[in-house]
Each structure stands twice: as structure tokens, then as C-alpha cells.
Amino acid sequence: MSTKTLAVAAAALAVIATAGAAQARDQIRIVGSSTVYPFSTAVAEAFGKAGKFKTPVVESTGTGGGMRLFCSGVGESFPDITNASRRIEPSEVEFCTKNGVTGITEVVIGYDGIVFMNSKAGPDFTLTREQMYKATAKDVPVGGKLVPNPYKNWSDIDPSLPKEPILVYGPAPNHGTRDAYVELVLDPACAKQPELKDMEKAAKKKACQTVREDGAWVEVSENYTVIQQKITSNPAALGVITFSYLDQNRDKVKAAPVDGVVATYDAIASNKYPVSRPLFFYVKKQHVGMVPGVKEYVTEFTSDKAWGKEGYLADKGLIASPDAIRKEQANNARTLGELKM
């Protein structure tokens, strides 16, 4: 037998082995963003109740953690779908390709806003993104120089703010919400600082995107319910958290207007609220037809009864995309369109 024939046979056996491994699992496995987790869980429960397939297993691993798991390979040991509160990065696509994950479908499921909220028993905040930058960055410009953050109380930043110690519970780097906080709050605020304008690119990025390590910013790597618990027990503390958590807990917490705009469903859906972003899930096309129900789960998620303006995900706090975008995304999801960066 020729070397070429042996190579083809070996490749065919590898494909059969991969397919067999995936087929050994009869339950969809989903990982990723804790922001998308409540939406994905609701769809999984509705999908399971229909009775044709088992209820998918959904894990809250954070966006970054989910991407690593999703991109680590093809077969029974690896997730079928990953949720994300930011778009997949080129380096993650490269990691996927390196590990044989060569077919990916991207679906924008809707929108969410990042809110700065505290206990209803605490002081009222009205904030700007620049004030949040000054409160949470490790180094800030003072007197024309970049110095270790000197602000201890909110009123040190602006006399109109509460005379309370700065304490912010925010997402750890494994969360897509942390990436969005950097992109939508820290970077735009940094761009306004004349002291940073001529700084070398790498140094400027570090200065803009590094948060405090002196106790004023406390990273939470667990599910966002931990942030909610922290600010409920400490009324003067702020939490950097998603609109869906605010929407579900308005009896306990309140959110600060940001740059003069209150976080509401309509403000986020219309992009008037300055700290809003799209949410995603990614499908491993190589598992479609291997793990039962993957395509059907995607169809359930992208149905109007789920992600529509009056769908059951609206009750969980999802901000529906405009009709035209939703229709386009549903078509892309159901035809398993290829990811385009």
C-alpha cells in the first residue's frame, strides 16, 4: 500500500474516531459568559421540556474561560457551544484553528448594558465615564503627571459625588464584562486625558487599562450574584454589573445614570446608553450531527418566542436586537453561516 493511501486511511480513521467520540455524548454542553448564562439556561430548560432531546448542560465559566474550553478541540471532551459577552478575538480563532476547530458560527443574540449600581439603601450616584476611570484606574493624571491613584473618596474626584470611600466590585479579567468595561469606559476616558496623548502605545494601553490594586477595586471572578450580594451588604459600594441583573433585582438595587443617560431597555436597544454592548454565542459546526440536538437548540434560541421583544428571554433581561438584525442573525444561525472576522 502506498504512503499516500496509508495517509488517507489514517485521516479517515481519525475523522471516524472523532465522530464516534462526539456521538458518545447525547447531551449538549454549553460554556462561557456569566452574562449570557441566564439566557442560555432559560433556552436549555425550554428546549429540554419539549421532550425530544435532553436538557443541555450550561456552565458559567466566564467568556475567556469558555473560549479556551471551546477552542481546545473537537469531540466528546469539548463543548459544543460557548456564550460570550464580547466578540471572539483573532487570537482565539487562531487557537481554535490550531486545535482543529475549523467551523464556527457566530450569533448575536441581543444587547446588554453595563451598569454601576448600589444598594437602594445607599447614596445616590450620578456618574460619568471619566469619573469611573478616575475612581478605578491604577494610575491617573494629576497636575500634568501620571501618578498612583490618590483618590480615596468619591468626593475627592468631584465634590458633587458622595463623601464615601471608593469601593467598586467589578468583574475579573476572565469575564467579557471586564473587556467591555475597558473598551467602553476606561479607553474613552483615557482618550480625553492630555497627559496621555503622546505616550507610547504600549505604555498608554497599560496606563489606561490597569485597575487599582489598593483595595478600592475588588475583582469578582465568580458569578455576578456575588457582586450583587457584596453591594447589598455594603450600601456605599458600587458594583460593575450587567443590566439584566439590575432588571431582575430592582427591589434591592439602583443604578447610576452614566453621562446623563439612565440605563433602560429602550436606551440600550437604541444605543443611547453609552455603556452597552452586543452578546453572542458560538457554535462548533463539527459537532452538529454528532451531538444530538445542537442545531435544534440554536433554532429554539433564535425563535421569536425566545429572543423576540415579547419572548421569554425578555423576562430575563435580554435587550432584543432590532427586527431586521434579529431576522438576519436567525437566518445565519439556522444555516450555520461561517464566522467572518
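Calculation rules
Residues numbered from 1 in each chain as written. Predicted model: local features only at pLDDT ≥ 70, side-chain atom pairs only at ≥ 80, totals over all residues. Heavy atoms only, no water. Helix = DSSP H or I, 4+ residues; strand = E, 2+ residues; numbered from the N terminus. Contact = heavy atoms within 4.5 Å. Phe/Tyr/Trp six-rings, centres within 6.5 Å; stacked < 30°, edge-to-face > 60°. Buried < 20%, exposed > 50% of the residue type's maximum accessible area, 1.4 Å probe, protein only. pLDDT = per-residue confidence, 0-100. Domains from an automatic or database assignment. Buried area = accessible area lost by both parts, 1.4 Å probe. Salt bridge = Lys/Arg side-chain N within 4 Å of Asp/Glu carboxyl O. Polar contact = N/O pair within 3.5 Å; in protein donor to acceptor, adjacent residues only side chain to side chain. Nonpolar A, V, L, I, M, F, W, Y, C, P; charged D, E, K, R; others polar.

Novice: What am I meant to see in the environment of V142 here?
Specialist: Relative to the helices and strands, V142 resides in strand β5 (residues 139-142). Once the C-alpha coordinates of V142 and A216 are considered, the two residues, 74 residues apart in sequence, prove to be 18 Å apart. Non-local contacts of V142, meaning those with residues more than four positions away in its chain, are made with V147, P150 and Y151.

Novice: Even after reading the chapter, I still don't get the side chain of Q131, so can you show me in this structure?
Specialist: Position of Q131 among the secondary structure elements: in helix α5 (residues 129-136). Every residue in contact with Q131, bar those within four places of it in the chain, is listed here: T126, I157, D158 and L161.

Novice: Help me understand the packing of aromatic side chains, please; the structure alone is not making it clear to me.
Specialist: The geometry of two aromatic rings is summed up by the distance between their centres and the angle between their planes. Under the counting rule described, the total for this entry stands at eight aromatic pairs. The interplanar angle of 5 degrees and the centroid separation of 5.5 Å between the aromatic rings of F47 and F53 together place this pair among those described as stacked. Both residues of the pair, F47 and F53, count as buried. When the centroid spacing of 6.0 Å and the interplanar angle of 20 degrees are considered together, the rings of F280 and Y282 count as stacked.

Novice: I keep staring at unusual backbone geometry and nothing clicks. Help me out?
Specialist: Backbone phi values are negative for most residues with the exception of glycine, while trans is the configuration of most peptide bonds. Look at D259: it is not a glycine, yet its phi comes out positive at around 50 degrees. Structurally, the position occupied by D259 is in the loop between β10 (253-255) and α11 (265-269). Relative accessible area serves as the criterion here: at 34%, D259 is assigned to the partly exposed category. Even without being a glycine, L336 presents a positive backbone phi close to 55 degrees. Structurally, the position occupied by L336 is in the segment after α14 (323-334).

Novice: What is the right way to look at the confidence of the model for the chain in this model?
Specialist: Parts of the model with low pLDDT should not have their predicted coordinates read in detail. With 93% of its residues at a pLDDT of at least 70, the chain reaches an overall mean of 90. Helix α1 (residues 3-23) is the least confidently modelled element of the chain, averaging 46 in pLDDT, while strand β2 (residues 57-58) averages 98, the highest of any element. The model gives residues 3-22 a pLDDT under 50, and that stretch makes nine contacts with residues more than four places away or in other chains.

Novice: Just checking my understanding: could you explain the domain arrangement of the chain for this structure?
Specialist: Here the domain parsing of the chain yields domain 1 (29-111 + 277-335) and domain 2 (113-275). Its C-alpha centre places domain 1 at a distance of 28 Å from the equivalent point of domain 2. Contacts between the two partners involve 22 residues from domain 1 and, on the opposite side, 19 residues from domain 2. For the pair domain 1 and domain 2, the two sides together bury roughly 1,500 Å², of which 51% comes from carbon and sulfur. Joining domain 1 to domain 2, the criterion identifies one salt bridge. There are eight residue pairs in polar contact (both at pLDDT 80 or more) connecting domain 1 and domain 2. Broken down by secondary-structure element, the contributors of at least two residues to the side of domain 1 that touches domain 2 are α2 (37-49) and α3 (63-70). Taken together, the residues of the side of domain 1 that touches domain 2 sort by class into seven nonpolar, ten polar and five charged.

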